[in-house]
Amino acid sequence: MSVELAYGIHSVAAILQHEPERIIEVFALKGREDDRVLPIINDAKELGVSVQFMSRKALDDKSDGEQHQGIMARVKAGKQKDESDLKDLLDAKAEAGKAPFLLVLDGVTDPHNLGAVIRTADAAGVDAVIVPRDKSAKLTPTTRKVACGAAEVMPLIVVTNLARTLKMLQDEQVWIIGTAGEAEKDVFQMKFEGPLAIVMGAEGSGMRRLTREHCDQLVKIPMAGTVSSLNVSVATGVILFEAVRQRS
């Protein structure tokens, strides 16, 4: 059984709420029993989960210095979703008569950025985030902490071959819109309707060539200042919420 650490109030609370069976034990800061931490401690105890109270130094050491907010949990690793889960999601959306709304990340390797993007995707109502198996950040404790609980509810689908997955989406009538600074249309001129997948590339280098070739259209964010690009999580928010505005 693979085991990992989850830390931070939102992350631990989300696991307790959505996947309590994964919780093995909880570690809490000795003396901290305020309105934010106490409900987590009580929920864990009600589930019969052991709660250990520790000094701040002990928690800091256990989290390798990351911000734990006085609460951590040792949990069973969640099941990694793959291409078959993506196909199931598309089938379920089709059966319900709803258009899928997907986010694809190509080359986003920073776990903080991945966590921020997952949080934004959840807020925008995205159905799933798709990442390649290689050259991509993974769901680490840091990612989960930055995602503020969204990593426990937002499907992260890890695919072996991103270009092949984009081709499969096109075969399922999903329109692929990629982001590139040299695109002719900007985000406010683009139609984001119907079955849709938005592809975000790595900050600086952008999408890889094969990924770009599998996009139906390219779009850019108009930049008026001196900087040439935005952080990928900020850029994702701009584009996703323009899509939300149009789709609603």
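The structure displayed is predicted, hence computed values, not measured ones.

Asks: Can you tell me about the pattern of salt bridges, naming the residues and giving the values?
Replies: Using the criterion set out here, one finds 17 salt bridges in the structure. In this structure, K87 and D91 form a salt bridge, with 3.0 Å as the shortest nitrogen-oxygen distance. With K87 and D91 both in helix 4 (residues 83–96) and four residues apart, the pair spans about one turn of that helix. Look at K87 and you get partly exposed, because its relative accessible area is 32%. Its salt-bridge partner being E152, residue R144 comes within 2.8 Å of it at the nearest N-O pair. Judged on exposure class, the residue R144 and its partner E152 are both buried. Residues participating in the shared-partner salt-bridge network are E4, E19, R22, R144 and E152.

Asks: Account for the pairing of strand 7 (residues 156–159), with residues named and values stated.
Replies: Every second residue of strand 7 is oriented toward a common face, with L156 and V158 on one face and I157 and V159 on the other, all of them buried. Following the backbone out of strand 6 (residues 128–132), through helix 6 (residues 141–147) and into the adjacent parallel strand 7, one traces a crossover that is right-handed.

Asks: So what about helix 5 (residues 111–123)? Which residues, and what values?
Replies: Owing to its 3.6 residues per turn, the α-helix aligns residues three or four sequence positions apart on the same side. For helix 5, which comprises 13 residues, the first-to-last C-alpha distance of 18 Å matches the rise-based estimate of 18 Å (1.5 Å per residue) to within 8%. Among the residues of helix 5, N113, L114, G115, V117, I118, T120 and A121 are the ones counted as buried. Turning to helix 5, the residues buried within the fold contact strand 5 (101–106), strand 6, helix 6, strand 7 and helix 9 (232–247). The N-cap of helix 5, judged by a side-chain oxygen 2.7 Å from the amide nitrogen of H112 a few residues on, is D110. One or two positions beyond helix 5, positive phi appears at G125, with a value near 80°.

Asks: Give me the side chain of T120: which residues, what numbers.
Replies: Within the secondary structure, T120 sits in helix 5. According to the relative accessible area criterion, T120 is buried, its value standing at 18%. When near neighbours in sequence (up to four residues on either side) are disregarded, T120 contacts S233, G237, L240 and F241.

Asks: Requested: an account of the layout of surface pockets, with residues and values cited.
Replies: Each pocket or cavity is described by its volume, and for the second largest pocket that value is around 390 Å³. G78, K79, Q80, L139 and R144 are the residues nearest the centre of the second largest pocket, which is lined by 18 residues in total. When the residues that make up the lining of the second largest pocket are grouped by side-chain class, the tally is eight nonpolar, two polar and eight charged.

Asks: Account for the sheet that holds strand 3 (residues 50–54), naming residues and giving values.
Replies: The strand order 1-4-2-3 describes an open sheet built from four strands, whose pairing is mixed. One side of each edge strand has no neighbouring strand; the edge strands of this open sheet are strand 1 (3–7) and strand 3. Each strand axis lies, on average, 20° off the axis of its neighbour in the sheet, ignoring direction. In this structure, strand 2 (residues 23–29) lies alongside strand 4 (residues 71–76), joined through five bridges in antiparallel fashion. For A28, the partnering residue across the bridge sits in strand 4 and is I71. Contacts from helix 2 (residues 38–46) reach strand 2, strand 3 and strand 4 within the one sheet, and its direction differs from that of strand 3 by about 145°.

Asks: Hey, could you go over the sheet that holds strand 6 for me, with residue numbers and the actual values?
Replies: The strands that make up a sheet pair up through hydrogen bonds in the backbone, lying either parallel or antiparallel. Taken in spatial order, the six strands of this open sheet run 7-6-5-9-8-10, and their pairing is parallel. Among the strands making up the open sheet, the edge pair consists of strand 7 and strand 10 (217–219). On average, each strand axis in the sheet is tilted by 25° relative to the strand beside it, whichever way the strands run. Note: strand 5 against strand 6, three bridges, orientation parallel. Across the sheet, the residue bridging to L103 is V129, located in strand 6. Seen against the sheet, helix 4 touches strand 5, strand 6 and strand 7 and runs at an angle of roughly 130° to strand 7. Along the sheet, helix 9 makes contact with strand 5, strand 8 (175–179) and strand 9 (196–201), crossing strand 9 at roughly 160°.

Asks: Explain the nonpolar core to me, and be specific about the residues and the numbers.
Replies: Counting 33 residues, the largest nonpolar core has L103, L105, F192 and I198 as its most contacted members. Counting only elements with at least two residues in this core, the list comes to strand 5, helix 5, strand 6, strand 7, strand 9 and helix 9. Here this core takes five residues from helix 9, the largest share from any one element. Setting aside residues no more than four positions away along its own chain, F192 makes contact with I177, V187, I198, I239, E242, A243, Q246 and R247.

Each value, and the rule that gives it
Residues numbered from 1 in each chain as written. Predicted model: local features only at pLDDT ≥ 70, side-chain atom pairs only at ≥ 80, totals over all residues. Heavy atoms only, no water. Salt bridge = Lys/Arg side-chain N within 4 Å of Asp/Glu carboxyl O. Helix = DSSP H or I, 4+ residues; strand = E, 2+ residues; numbered from the N terminus. Buried < 20%, exposed > 50% of the residue type's maximum accessible area, 1.4 Å probe, protein only. Right-handed = clockwise from strand over helix to strand, strands pointing away. Expected span 1.5 Å × (residues − 1). Contact = heavy atoms within 4.5 Å. Polar contact = N/O pair within 3.5 Å; in protein donor to acceptor, adjacent residues only side chain to side chain. 1 Å grid on protein atoms, 1.4 Å probe; cavity = no way out; pocket = protein on both sides within 12 Å on 5 of 7 lines; lining within 4 Å. Points joined across faces, edges and corners; volume = space filled by probe spheres on them. Nonpolar A, V, L, I, M, F, W, Y, C, P; charged D, E, K, R; others polar. Pairing = 2+ DSSP bridges. Axes fitted to C-alpha atoms, helices over the stretch in contact; angles between N-to-C directions. Core = buried A, V, L, I, M, F, W, Y, C linked by side-chain atoms within 4.5 Å.

What is shown is where atoms sit, not what they do.
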